[in-house]
Amino acid sequence: MDLIKNFKAKAADDPQIIVLPEGGDERVISAAEQIKKENFAVPIVLGTAEEVAAAAEKSGSDLSGIEVINPKYSDLKEKFTDEFFEIRKHKGISKKDAENAVLDPLYFGTMMIYTGAADGMVAGAANATGNVLRPAFQIVKTKEGISVVSSVFIMVVNDKSYGEDGVILFADCAVNPNPDAEQLSEIAVSTAETAEKLLGFEPKVAMLSFSTRGSAKHEFVDKVKKAVELAQKQAPDIDIDGEMQADAALVPSVAERKAPDSSVSGKANVLIFPDLQSGNIGYKLVQRLAGAQAVGPVMQGLAKPINDLSRGCSVEDIVNLAAITSVQAQK
Ligand code: ACO
């Protein structure tokens, strides 16, 4: 399955405006040019004229037809300052703090998404995860009914007998260090929704642990058990089960022995890890040792889509994440 080709085709059905706030980075500028060329979204680049021109020269890119905004001289600066002040004044910020904040392209870009001046944002080529996510948490906030933003990796393994034709969603591998049972249940439900909406398949959600059906007793296992109960209550129409080990979740012959009565075991296509240590380590092991393609992290649970790149990203990674963000932004 060519996932990215599918995302680009879907994005092109209804092109969305995607903000790339790191205009001083030559990979971002090349990506903007490519997105424009491929015509699946409308890129807007943020940055000073000088830094954008320097990055364009370095990458040999032609930015004609692409809007470039310098927050400092934008007509939107005043409106964004006022609105950001309103959103954050309960935290004790001054008008001056608000004005300084919106001059930061990550905050300016997030305000564009919040106010509808753009539909989605892709950042993180030149900024750490926390700096990309903090304005998103503060301004755009979570979707109705969701209290925790989390992330998902779309893993594509070579053995097509696993998951959904080789596609398995892993969560949360990038955001929440130690979710409690309530947060873990929300992560499970959000990821199931991502499976349906972004990938179009019926989720079978396994909540992972080192225990299957009470085979081990520990407070870590109790957390997962409680999360399963909560998630099943929150989303009774979705197949969610656990606690179970990864082999019971994925391998039919092991499932037969360890959890024969489960509608998820042996055929899980969504894996929910109990914490960030296991999730982050887990996806990287599968990526490196099994040669799986790891697409993401894709943020879920935000009221509007903002996605975070790795600072080691390639131009292709930025273009691909822009396609996914566009699909998330479609109504
Ligand atoms: N969902 C929704 N809101 C959140 C979340 C969340 N998951 N986490 C924090 N917030 C909100 C808080 O409620 C707070 O809101 P407020 O200011 O309105 O009160 C605001 O965001 C800031 O909260 P802090 O607790 O101060 O969060 P901080 O900014 O310190 O950290 C962060 C957030 C950066 C995401 C942190 O959880 C983190 O570092 N996570 C790990 C990221 C990471 O290193 N991942 C691994 C690498 S990624 C990779 O390998 C692909």
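Residues numbered from 1 in each chain as written. Predicted model: local features only at pLDDT ≥ 70, side-chain atom pairs only at ≥ 80, totals over all residues. Heavy atoms only, no water.

**Some thoughts on the packing of aromatic side chains**
Scanning all chains against the criterion turns up four aromatic pairs. Here F153 and Y283 contribute two aromatic rings whose centre-to-centre distance is 3.8 Å and whose plane-to-plane angle is 15°, an arrangement assigned as stacked. One end of the pair, F153, is in strand β5 (residues 150-156); the other, Y283, is in helix α12 (residues 276-289), with 130 residues separating them in the sequence. Look at F153 and you get buried, because its relative accessible area is 4%. Summarising the aromatic geometry, the rings of F170 and F273 are spaced 5.3 Å apart at their centres and angled 55° between planes, so their arrangement reads as tilted. Of this pair, F170 sits in strand β6 (residues 167-171) while F273 sits in the loop between β9 (270-272) and α12; the two residues are 103 residues apart in sequence, bridging distant segments of the chain. Taking relative accessible area as the criterion, F273 reaches 10% and is therefore assigned buried. (Phe/Tyr/Trp six-rings, centres within 6.5 Å; stacked < 30°, edge-to-face > 60°. Helix = DSSP H or I, 4+ residues; strand = E, 2+ residues; numbered from the N terminus. Buried < 20%, exposed > 50% of the residue type's maximum accessible area, 1.4 Å probe, protein only.)

**As for the environment of E144**
Relative to the helices and strands, E144 is located in the loop between α7 (129-140) and β5. Residue E144 is classed as exposed on the basis of its relative accessible area, which comes to 86%. As a C-alpha pair, E144 and A303 span 159 residues in sequence and 7.4 Å in three-dimensional space.

**Quick look at the domain arrangement of the protein**
Once the domains are mapped, the protein shows domain 1 (3-141 + 302-329) and domain 2 (150-295). Of note, the centres of domain 1 and domain 2, computed from C-alpha atoms alone, are 31 Å apart. On the side of domain 2, eight residues touch domain 1, which itself brings nine residues to the contact. Regarding the contact of domain 1 and domain 2, the summed buried area is about 640 Å², with carbon and sulfur atoms giving 82% of it. Applying the counting criterion to the domain 1 and domain 2 interface returns zero salt bridges. At the junction of domain 1 and domain 2, the tally comes to zero residue pairs in polar contact (both at pLDDT 80 or more). Every element with two or more residues in the side of domain 1 that touches domain 2 is listed here: α1 (3-13), α7 and α13 (315-329). Per-element accounting of the side of domain 1 that touches domain 2 gives the leading share, four residues, to α1. Here the side of domain 1 that touches domain 2 is composed, by residue class, of seven nonpolar, one polar and one charged. (Domains from an automatic or database assignment. Contact = heavy atoms within 4.5 Å. Buried area = accessible area lost by both parts, 1.4 Å probe. Salt bridge = Lys/Arg side-chain N within 4 Å of Asp/Glu carboxyl O. Polar contact = N/O pair within 3.5 Å; in protein donor to acceptor, adjacent residues only side chain to side chain. Nonpolar A, V, L, I, M, F, W, Y, C, P; charged D, E, K, R; others polar.)

**A short note on helix α6 (residues 105-115)**
Among the 11 residues that make up α6, eight are buried, leaving the element largely enclosed by the rest of the structure. Those residues of α6 lying buried are L106, Y107, F108, G109, T110, M111, M112 and I113. Backbone geometry just downstream of α6 places G116 in the positive-phi region, at approximately 85°.

**Re the packing of α6 against α7**
Put simply, α6 and α7 touch, their axes get as near as 9 Å, and they point 35° apart. Classified by chirality, the crossing of α7 by α6 is right-handed. Together, L106, Y107, T110, M111, I113 and Y114 of α6 and N131, V132, P135, A136, Q138, I139 and V140 of α7 make up the contact between the two elements. Looking at the contact of α6 with α7 residue by residue, the class counts come to 10 nonpolar, three polar and no charged. (Axes fitted to C-alpha atoms, helices over the stretch in contact; angles between N-to-C directions. Left-handed = near helix turned anticlockwise from the far one by under 90°.)

**Notes on the sheet that holds β6**
Taking strand neighbours across the sheet as the criterion, the six strands line up as β8-β7-β9-β6-β5-β10 in an open arrangement whose pairing is mixed. Sheet topology places β8 (239-244) and β10 (293-300) at the edges, where each strand pairs with a single neighbour. Each strand axis lies, on average, 25° off the axis of its neighbour in the sheet, ignoring direction. Alignment of strand β7 (residues 204-208) against β9, held across three bridges, turns out to be parallel. Each residue of the ladder has a partner; that of M207, found in β9, is I272. Sheet strands touched by α12: β5, β6 and β10. Its angle to β5, the strand with the most contacts, is close to 20°. (Pairing = 2+ DSSP bridges.)

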